[in-house]
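# Tertiary structure, described
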Amino acid sequence: MPTNVLVAYGTTNGSTAEIAETIAGVLRKEGLTAEAVPAGAVPDVAAYDAVVVGGGLYAGHWHKAARRFVRHHGKALAERPLWFFSSGPLDPSASERDIPPVPGVKKAMDRLDAAEHVTFGGCLREGAKGWVARMILRDGKGGDFRDFERIEAWAAKIGHELTLV
Ligand SMILES: Cc1cc2nc3c(=O)[nH]c(=O)nc-3n(C[C@H](O)[C@H](O)[C@H](O)COP(=O)(O)O)c2cc1C
């Protein structure tokens with residue numbers, strides 16, 4: 001049976017979900033079984049051999065659903081190959097240099113022995129929830145800074161690492 005990978009994500013406005021779907025799609029192309037699922041909708045990770053967890057960044061923290069997910073499933077996650085990603089910066093910085101995980105995510109990485117963390121650019125579009133989002137958009141500071149080439153390359157690397165096991 002092919003390795004079964006869960007890509008769990010925490011999102012408010014859907015852009016992290018699209019990153020997670022892209023990662024799962026690349027892993028499937030690599031011959032693995034993979035699905036992207038909202039972190040809050042995963043009751044159990046027992047069926048998965050490896051896990052990727054991603055969250056949108058909000059005020060210096062991972063999205064709440066991603067934080068809860070790693071807290072609730074910590075023991076099982078620590079027993080599996082594990083990767084983290086964040087999606088946040090609304091500028092090209094994430095494509096230009098490595099942006100380290102926010103402190104809470106770094107702590108979870110150390111605790112659960114995650115293999116790697118990557119920060120991808122974020123996305124904020126018209127219709128985003130909340131008054132802060134509306135203010136950012138009003139100031140012309142929104143946009144889509146996700147680098148799907150980089151996302152796909154990262155997913156392919158995970159796929160290779162899992163098929164080597
Ligand atoms: C209220 C608010 C707070 C944010 N805080 C951060 C932040 O602390 N760091 C960051 O890099 N991006 C921040 N962002 C940008 C979001 O992380 C970005 O829009 C991300 O793509 C959202 O993911 P989602 O669409 O999956 O919810 C913030 C956006 C909003 C609207």
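Attention here is on the structure that accompanies the text. (Residues numbered from 1 in each chain as written. Predicted model: local features only at pLDDT ≥ 70, side-chain atom pairs only at ≥ 80, totals over all residues. Heavy atoms only, no water.)

## Overview of the overall build of the chain
Counting its secondary structure elements, the chain contains seven helices and eight strands. Here the chain has a C-alpha radius of gyration of 15 Å; the compact-globule value for 165 residues is 15 Å, and the two agree. Overall size of the chain, expressed as C-alpha extent along the three principal axes, is 50 × 30 × 25 Å. Out of the 165 residues in the chain, the part that is buried amounts to 47%. A sequence separation of at least 24 residues applies to 76% of the contacts in the chain between residues at least 6 apart. (Helix = DSSP H or I, 4+ residues; strand = E, 2+ residues; numbered from the N terminus. Rg over C-alpha atoms; globule rule 2.2 N^0.38 Å. Buried < 20%, exposed > 50% of the residue type's maximum accessible area, 1.4 Å probe, protein only. Contact = heavy atoms within 4.5 Å.)

## Remarks on helix 7 (residues 148-164)
In a regular helix each residue adds 1.5 Å, so 17 residues correspond to 24 Å; helix 7 covers 24 Å between its end C-alpha atoms and thus fits that length. Regarding helix 7, the residues found buried are Ile151, Trp154, Ala155, Ala156, Ile158, Gly159 and Leu162. In this structure, the buried side of helix 7 is in contact with strand 1 (4-10), helix 1 (15-29), strand 3 (50-58), strand 5 (82-87) and strand 6 (116-120). (Expected span 1.5 Å × (residues − 1).)

## What to know about the site of the ligand
Around the ligand sit 20 residues in total, of which Thr11, Ser15, Thr16, Leu57 and Tyr58 are the nearest. Cys123 places a polar main-chain atom, nitrogen or oxygen, 2.9 Å from an oxygen atom of the ligand. Isolated, the ligand exposes 640 Å² of accessible area, and the fraction of that covered by the protein chains is 83%. When contributions to the shell around the ligand are tallied by element, the ones reaching two or more residues are helix 1, strand 3, strand 7 (123-124) and helix 6 (131-138). It is strand 3 that provides the largest number of residues to the shell around the ligand, a total of three residues. Here the residues of the shell around the ligand are counted per class, giving nine nonpolar, eleven polar and no charged. (Near = heavy atom within 4 Å. Polar contact = N/O pair within 3.5 Å; in protein donor to acceptor, adjacent residues only side chain to side chain. Areas by Shrake-Rupley, 256 points an atom, 1.4 Å probe, with all protein chains shown as cover. Nonpolar A, V, L, I, M, F, W, Y, C, P; charged D, E, K, R; others polar.)

## Digging into a positive patch on the surface
A cluster of basic residues, Lys64, Arg67, Arg68, Arg71 and Arg111, forms a positive patch at the surface. It is helix 2 (residues 64-72) that contributes the most residues to the positive patch, four residues altogether. Locating Arg68 in the fold gives a position in helix 2. (Patch = residues over 30% accessible without salt bridge, like charges linked within 9 Å, V, L, I, M, F, W, Y side chains within 5 Å. Salt bridge = Lys/Arg side-chain N within 4 Å of Asp/Glu carboxyl O. Lys, Arg positive; Asp, Glu negative; His and termini not counted. Charge placed at Lys NZ, Arg CZ, Asp CG, Glu CD.)

## Things to note about the nonpolar core
The biggest cluster of nonpolar side chains holds 25 residues, and the ones touching the most others in it are Val5, Val7, Ile23, Leu27, Val52, Phe85 and Trp154. Looking at which element gives the most residues to this core, the answer is helix 1, with seven residues. Setting aside chain neighbours within four positions, we find Leu27 in contact with Val5, Val7, Leu32, Ala34, Ala155, Ile158 and Gly159. Of all hydrophobic cores here, the second largest spans 23 residues; its members include Phe69, Val70, Leu82 and Val102. (Core = buried A, V, L, I, M, F, W, Y, C linked by side-chain atoms within 4.5 Å.)

## Topic: the pattern of salt bridges
Scanning the entire structure with this criterion turns up eight salt bridges. Across the pair Asp110 and Lys106 runs a salt bridge, and its minimum N-O distance is 2.8 Å. Placement of the pair is Asp110 and Lys106 together in helix 5 (residues 103-112), with a separation of four residues, close to one helical turn. Given the relative accessible area of 40%, Lys106 is considered partly exposed. Asp144 is paired through a salt bridge with Arg146; the nearest N and O atoms lie 2.7 Å apart. Assessed through its relative accessible area of 42%, Asp144 is described here as partly exposed. According to the relative accessible area criterion, Arg146 is buried, its value standing at 10%.

## Digging into the environment of Ala94
If you trace the backbone, Ala94 turns up in helix 4 (residues 93-96). On the basis of relative accessible area, Ala94 is assigned to the buried category, the value being 2%. Considering only alpha carbons, one finds Ala94 and Arg125, 31 residues apart in sequence, at a separation of 18 Å. Those residues within four positions of Ala94 in sequence are excluded, and the remaining contacts are Pro89, Ile99, Thr119, Phe120, Gly121 and Arg150.

In short, shape yes, function no, at least from these values alone.
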